[in-house]
Amino acid sequence: MKTFLDWPVLRQLRGDDVLGRGSAVRSRRTEELTSRTTEADHVARSVCPYCAVGCGQKVFVKDGEVTQIEGDPDSPVSRGRLCPKGSASKNLVTSPLRQTKVRYRRPYGTEWEDLDLTTAMEMIADRVVRTRRDYWQEHDEQGRRVRRTMGIASLGGATLDNEENYLIKKLFTAMGAIQIENQARI
Amino acid sequence: MAEAHPVGFQWVVEAKARGAKVIHVDPRFTRTSALADTFVPLRVGTDIAFLGGIVNYVLSNELDFREYVVSYTNAATIVSDDFLDTEDLDGLFSGFDPETRTYDTESWQYATQEQDAAGDDEAMQRETASAMQHETHGMQVEGQPPRDETLQHPNCVYQVLKRHYARYTPEMVARTCGVTEEAFLEVCRAWTENSGRDRTTALVYSVGWTQHSVGVQYIRTGAILQLLLGNMGRPGGGIMALRGHASIQGSTDIPTLFNLLPGYLPMPNAQDHTTLEEWVDAVRHPGAKGFWSNADAYGINLLKAYWGEKATPENDFCFDYVPKVSGDHGTYRTVLDMIDGKVKGYFLLGQNPAVGSAHGKAQRLGMANLDWLVVRDLFEIESATFWKDSPEVATGEIVPEECATEVFLMPAASHVEKEGTFTQTQRMLQWREKAVDPPGDCRSELWFFHHLGRMVRERLAGSTDERDRPLLDLAWDYPTHHAGHQPEGWGEPSAEAVLKEVNGYEVATGRPLSTFAEMKADGSTLGGCWIYTGVYKDGVNQAARRKPGSEQSWVAPEWGWAWPANRRTLYNRASADPEGRPWSERKAYVWWDEEAQEWTGHDVPDFEKGKPPSYRPGPDDDGVAGIAGDDPFIMQGDGKGALYVPAGLLDGPLPTHYEPVESPFPNPVYGQQANPTRKEYSRAENRMNPSPPEEHSQVFPFVFTTSRLTEHHTAGGMSRYVARLAELQPEMFVEVSPELAAERGLENGGWATIVTARAAIEARVMVTDRLTPLRVEDRVVHQVWLPYHWGQGGIVTGDSANDLFGISLDPNVLIQESKVGTCDVRAGRRPSGADLLGLVAEYQRRAGVDHDLLRPIVTTGPGALVDDEGDETPRPAGDDGTDGHDGHDDTSGDHQ
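Residues numbered from 1 in each chain as written. Chains lettered and ligands numbered in written order. Predicted model: local features only at pLDDT ≥ 70, side-chain atom pairs only at ≥ 80, totals over all residues.

Draft legend 1. Quick look at the overall build of chain B. In terms of regular secondary structure, chain B is built from 25 helices and 32 strands. A compact globule built from 896 residues would reach a C-alpha radius of gyration of about 29 Å, and chain B, at 27 Å, matches this within 12%. In terms of overall dimensions, chain B has C-alpha extents of about 75 × 75 × 55 Å along its principal axes. The 896 residues of chain B split such that 61% are buried. Restricting to contacts in chain B with at least 6 residues of sequence separation, those with at least 24 account for 70%. (Helix = DSSP H or I, 4+ residues; strand = E, 2+ residues; numbered from the N terminus. Rg over C-alpha atoms; globule rule 2.2 N^0.38 Å. Buried ≥ 20, exposed ≤ 12 C-beta atoms within 10 Å, placed from the backbone. Contact = placed C-beta atoms within 7 Å.)

Here it is in structure tokens:
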């Protein structure tokens, strides 16, 4: 039962916390609060997605949702620190502006349309096959064998994983697409 | 560094607290300057003059670390008598052909070297950015070029260097760079006094350095200085490139680049690499020394990883399946080809060129002329919406109802929604665990490309067309697992299985390889990227190692994994003296253990473990055996650090100050104005501002540069859509000095319009003494600064700074000059609609670039001041049957 003796100022005077910076000023509500990091179901060891310093991140997950992202104090690179961008990366991955549905703009269209993911994949595969076939080049203008297509180009990779870049280059090379570039050229 | 790599900067601050002196050289006072001991503002685009001045200071005062320089660099090597320097030729080197604007590098060679450069095609090397392979190649040196270890021979590299930089005096540096002689000399003293046996100095640059028409030579100048002062391969020394994307190092190592295959193997070109043998010989140079002599194994392991059991010794491991390059297929060439209707389909993978690439308008006009475009991104970025809300829609240059490009916006998985490795800026791979499934239709690139490959192969199944064999025979059977809500057959491929293939393994047993030395050239092993071999050593994902930094040595070798072979500092043999002893106790790092007869130390030695310092190769030894026990630079053909580069660079063996392509000043140092070998595209949509000796350069009197803000990231695709970051930096702005504000009537918080021959953009004005007018060539020059993060999308919007730039490229690597240009600055907002085009056209007219696209590029020697047509790129026959040359576009082709 609460009495007037529980008033913080009296607790401060009665107890050993005369400066009022410890137990005297803690309410039950404060005592009952727990951090998102302790309530997490699991923690993934990750790396910041922005610049190339490679700061360690701990990604806290509860009920299948990211609840917090913090710097990893174990990292010898970053020692737990994150910059404003790294600190905002929970906001990056949970942003309500994230595009989570495929969007399609037909030729001469003035608005986006919806499209199933697998339908979009089928359509893209059709276009790749067709463009490769229609713009195939077996020899260049000097008669040298080049076996390639100049109809397909790609740009990107610096924000992706090594494993992804590996598959991208492997598939495009087998396809004969050579105009494959990323930010390292820019 | 404090702005764009803040967490890395903690180490600089900590070093400062322990007594290190921090010097910041930058056109603009930033958060880095605020924490530095010394801030030196300089004119944008004059770094070679500045650093060349320090080289001159070192050489004329004999302050070089002589024992290191004689033993570990090519200072003593004697250069051919035929070599003529920029001193002799007013800013050109010997071998220049004004017609092609390329060098024949034969006269640059060492004195008795066999002249194998005679057959080189330097124009083709520029087209294919072949210098980029040298990220790991080093240069090849054959035979034993003569040396004079007293460094007195007039043609030894040391003396050549001394003559080359003799005119880079403090007075010349002050006049060119706009710095005071006192500030310059303070930097000289600090750098030299803090280098030697007991002390080392680090040079840190951010990759804006690469975005110049002389970008490679910027970094070369830094390398010369660090070699002369003995700062390479030693703790606390080195040259650190601060790269700007989480895995941009990885995407260079395992390249999504036109001229490279994984591990810096060249994409074969149709001219020189028609057979497997020609291709591997072009890399290993039979008879040359150094570690590239095993290139046949690296190449064959890659082919075997690509085509699996179909790749056999009998069919040259399917080498024939690799498409051939034949010229410049870089991103800018490709975008211009889109404008010309030659490219039909385009993938954008986490990249936003509408904002992030130079010349935004060319990017967007190119995209508007495709058949189809696939954009994979987290947000609805500008490159996905160019057809409805780009600046060109406002001006009428893109009309949605007339734009045929079909656009697929495919949502991507974020970094916490997939697993895989990033390679950070010091070559370290770190594995990320997956935290959650991606939402909705969001998928990883791994998923997208795995299934795209599967579907393309299904569509071609049964094809008898020989051209489809490379796809049908591709090793494309990665295990998948069900993740989240994917329908049957659409599982997520295993990133770890891909990493194992990248690492390499024994084909028969599946045993992962431990080092690239285990790679065989007979098809019994495969591996997708030889420099990454070891990341899956013992079947353990070494990149996933997370031993806390506090529980291991300061080198922290058990956190992640660095290529090659988990070495954290490259060329660390140089941290010991020629006899193998540390240069000093204080700077001990790797040394020879006489008792154990092996190299040891804090890091993995970057040297053959059992090769003693006393080892000397015999006259016939080549390959690794050709490297002596006191030659630390083991990827170089002579084992020496290259002060002078006889082969491998297209614009000169020594860095030379050239003005930026757009400059208000004539070159104070030589008659040659700008880099004579740069790559140019003379086209109606790519008009360049005039520079001396041309007339009308005063139409664009100011110098501008761009960089990042802490709170935003590159083209804004990962920051302008994030509420917290958008709130911290809510609007596009331009920084101007109080003096320029007074001169042009600019008000703090008001608007300014910045104009070039390509575009006019508007921005809020910030009047600040972070920018200061500089005195250059006895007159004052104003510099303005812009962040380049904005576009029309996201929570906070604004005009894009990269719209201001034209396209001209460094000849070695085909990277654009987008850190310096000239401009005009006017008070007030820009006009809109057709009036905006009118304003730019008016400037083009006043500058005399409206009717004439041709610029004089060679400004000295025979052939000077002839209008150049830019580069006639060797290109394949287009679908229209022409040879595809751009030549000189007339103005009727203008996109207005």
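Draft legend 2. Expanded view of the overall build of chain A. Along the backbone of chain A there are 7 helices and 8 strands. Its C-alpha atoms give chain A a radius of gyration of 28 Å, clearly above 16 Å, the size a compact globule of 186 residues would have. Its C-alpha atoms give chain A principal-axis dimensions of roughly 95 × 40 × 25 Å. Counting across all 186 residues of chain A, residues that qualify as buried make up 46%. Long-range pairs, those at least 24 residues apart, make up 31% of the contacts in chain A between residues at least 6 apart in sequence.

Draft legend 3. Representation of the domain arrangement of chain A within the structure. Partitioning chain A into structural domains gives domain 1 (1-33), domain 2 (36-94) and domain 3 (135-185). Distance from the C-alpha centre of domain 1 of chain A to the C-alpha centre of domain 3 of chain A: 68 Å. (Domains from an automatic or database assignment.)

Draft legend 4. Broad picture of the sheet that holds strand 12 (residues 420-423) of chain B. Strands sit in the order 12-13-18 (chain B) across an open sheet of 3 strands; the sheet is antiparallel. Both outer strands of the open sheet, strand 12 and strand 18 (561-562) of chain B, are each paired with one neighbouring strand and no more. Here strand 13 (residues 428-432) of chain B runs beside strand 18 of chain B; their pairing, made up of 2 bridges, is antiparallel. Opposite Leu429(B), over in strand 18 of chain B, you have Trp561(B) as the bridge partner. Sheet strands in contact with helix 7 (residues 162-175) of chain A are strand 12 and strand 13 of chain B, and its direction is about 95 degrees off that of strand 12 of chain B. (Pairing = 2+ DSSP bridges. Axes fitted to C-alpha atoms, helices over the stretch in contact; angles between N-to-C directions.)

Draft legend 5. Geometry of the interface of chain A and chain B. The interface is formed by 101 residues belonging to chain A together with 137 residues belonging to chain B. Element by element, the count of residues in the side of chain A that touches chain B is highest for helix 7 of chain A, at 13 residues. Looking at the side of chain A that touches chain B residue by residue, the class counts come to 50 nonpolar, 25 polar and 26 charged. In terms of strand pairing, strand 7 (residues 145-156) of chain A meets strand 9 (residues 345-349) of chain B through 5 bridges, oriented parallel. (Nonpolar A, V, L, I, M, F, W, Y, C, P; charged D, E, K, R; others polar.)

Draft legend 6. Focus on the pairing of strand 22 (residues 702-707) of chain B. Residue and element names in this part refer to chain B. Where strand 22 lies against strand 30 (residues 821-827), 3 bridges are found, and the strand directions are antiparallel. Bridge pairing links Phe 704 to Gly 821 in strand 30. With 5 bridges joining them, strand 22 and strand 28 (residues 783-787) adopt parallel strand pairing. Along strand 28, the bridge assignment pairs Thr 705 with Trp 785.

Draft legend 7. Region of interest: the packing of helix 15 (residues 331-339) of chain B against helix 17 (residues 360-367) of chain B. Residue and element names in this part refer to chain B. Close contact between helix 15 and helix 17 brings their axes to 7 Å; oriented N to C, the two are set at 50 degrees. With respect to helix 17, the axis of helix 15 lies oblique. Handedness of the helix 15/helix 17 crossing: left-handed. Along its contact with helix 15, which presents Val 335, Leu 336, Met 338 and Ile 339, the element helix 17 presents Ala 362, Gln 363, Leu 365, Gly 366 and Met 367. Class assignment of the residues belonging to the contact of helix 15 with helix 17 gives a composition of 7 nonpolar, 2 polar and no charged. (Parallel < 35°, antiparallel > 145°, perpendicular 65-115°, else oblique. Left-handed = near helix turned anticlockwise from the far one by under 90°.)

Draft legend 8. Focus on the nonpolar core. Counting residues in each nonpolar core, the largest one holds 288 residues, and the members touching the most others are Val736(B) and Ile754(B). Setting aside anything within four residues of it in sequence, one finds Val736(B) in contact with Ala741(B), Leu746(B), Val765(B), Val767(B), Leu771(B), Val784(B) and Val825(B). (Core = buried A, V, L, I, M, F, W, Y, C linked by C-beta atoms within 7 Å.)

Draft legend 9. Geometry of unusual backbone geometry. Residue and element names in this part refer to chain B. Going from Trp 563 to Pro 564, the amide bond is cis rather than trans, its omega being -10 degrees. With respect to the helices and strands, the residue Pro 564 is situated in the loop between strand 18 and strand 19 (590-593). Backbone torsion omega between Pro 692 and Pro 693 reads 5 degrees, so that peptide bond is classified as cis. Residue position: Pro 693 is located in the loop between strand 21 (679-680) and strand 22.

Draft legend 10. Molecular detail of the sheet that holds strand 3 (residues 65-71) of chain A. All names here are of chain A. Spatially, 3 strands are ordered 1-2-3 in an open sheet, and the strand pairing comes out antiparallel. Each edge of the sheet is formed by a strand with only one pairing partner; in this case those strands are strand 1 (42-47) and strand 3. Recorded for the sheet is a direction-independent mean angle of 25 degrees between the axes of neighbouring strands. Where strand 2 (residues 56-62) meets strand 3, 6 bridges bridge the pair, whose relative direction is antiparallel. Residue pairing across strands places Lys 62 opposite Glu 65, the latter belonging to strand 3.

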